[in-house]
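Analysis of the macromolecular model
What follows is the residue order along each chain.
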Amino acid sequence: MVATFLQVVGFVTSFVGWIGVIVTTSTNDWVVTCGYTIPTCRKLDELGSKGLWADCVMATGLYHCKPLVDILILPGYVQACRALMIAASVLGLPAILLLLTVLPCIRMGQEPGVAKYRRAQLAGVLLILLGCQLLWAKTESSLHSQHLVQFRQKYLEDFSYLQGD
């Protein structure tokens, strides 16, 4: 009974995680941009966000997005993140289907228990690969945005120093 419960909970959490990967791939809130602090930008309605598919700006209550359609103009990290996230989304479908066939309430003919065990192992490996791809894509995006923020801070400090502030 406990083993059945654990398998069902594992399937549900894997399914919710896969849906989360698909939602994360489609959102435009990967990098939040702001010239000031985040609370100040929210008060001034000058908050921007960048995603894999569009750059968005929210000003005076309007939310405007410009789609990123030219793939050759995009930076390499955006192309790599797109590829990793799409691969993770596609890789999740067979993993979820394999996990569905492994559940104790589903039987496929007169198959031996070893076949179910092998499918469970393959589904686990696919889900671990999916998680690694997701982690790699988010880390690459975060590292690039951190370098961009450090560059902007240094540039703005040098510029204010030149003006005599």
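Within an unreviewed UniProt entry, the label attached to the protein chain reads Claudin, and the organism entered is Pan troglodytes. One UniProt comment on the protein chain, placed under Subunit (unreviewed entry), says "Interacts with tetraspanin-3/TSPAN3. Interacts with OCLN." The UniProt entry for the protein chain carries the following comment under Sequence similarities (unreviewed entry): "Belongs to the claudin family."

To continue, consider the overall build of the protein chain. Within the protein chain one finds 4 helices and 4 strands. Each helix (α) and strand (β) of the protein chain, taken in turn from the N terminus, gives the series α-β-α-β-β-β-α-α. A burial count over the protein chain gives 27% of its 165 residues as buried. In the protein chain, of all internal contacts separated by at least 6 residues, the share reaching a separation of at least 24 is 52%.

What follows is about the state of the cysteines. Each disulfide consists of a covalent bond between the sulfur atoms of two cysteine residues. With the rule as written, the count across this model stands at 1 disulfide. Bridging Cys56 to Cys65, the disulfide has an S-S length of 2.1 Å. Sign of the S-S torsion, about 105 degrees for the bond between Cys56 and Cys65, identifies this disulfide as right-handed. Accessibility expressed as a relative area gives 29% for Cys65, which makes it partly exposed.

According to UniProt, the "transmembrane region" (unreviewed entry) feature falls on residues 83-106 and 118-136. Within residues 118-136, the helical portion is 100% and the strand portion 0%, while the C-alpha atoms at the span's ends are 27 Å from each other.

For the rest of this paragraph, the subject is the nonpolar core. Residues Trp30, Met85 and Ala137 are the most contacted members of the largest nonpolar core, which totals 21 residues. Of all elements in the fold, only helix H1 (2-26), helix H3 (76-102) and helix H4 (113-163) reach the threshold of two or more residues within this core. Sorting elements by how many residues they give to this core places H3 first, with 9 residues.

Thresholds, definitions, all that
- Residues numbered from 1 in each chain as written.
- Predicted model: local features only at pLDDT ≥ 70, side-chain atom pairs only at ≥ 80, totals over all residues.
- Heavy atoms only, no water.
- UniProt positions renumbered as here; feature names shortened; annotations may be inferred.
- Helix = DSSP H or I, 4+ residues; strand = E, 2+ residues; numbered from the N terminus.
- Buried < 20%, exposed > 50% of the residue type's maximum accessible area, 1.4 Å probe, protein only.
- Contact = heavy atoms within 4.5 Å.
- Disulfide = S-S within 2.5 Å.
- Core = buried A, V, L, I, M, F, W, Y, C linked by side-chain atoms within 4.5 Å.

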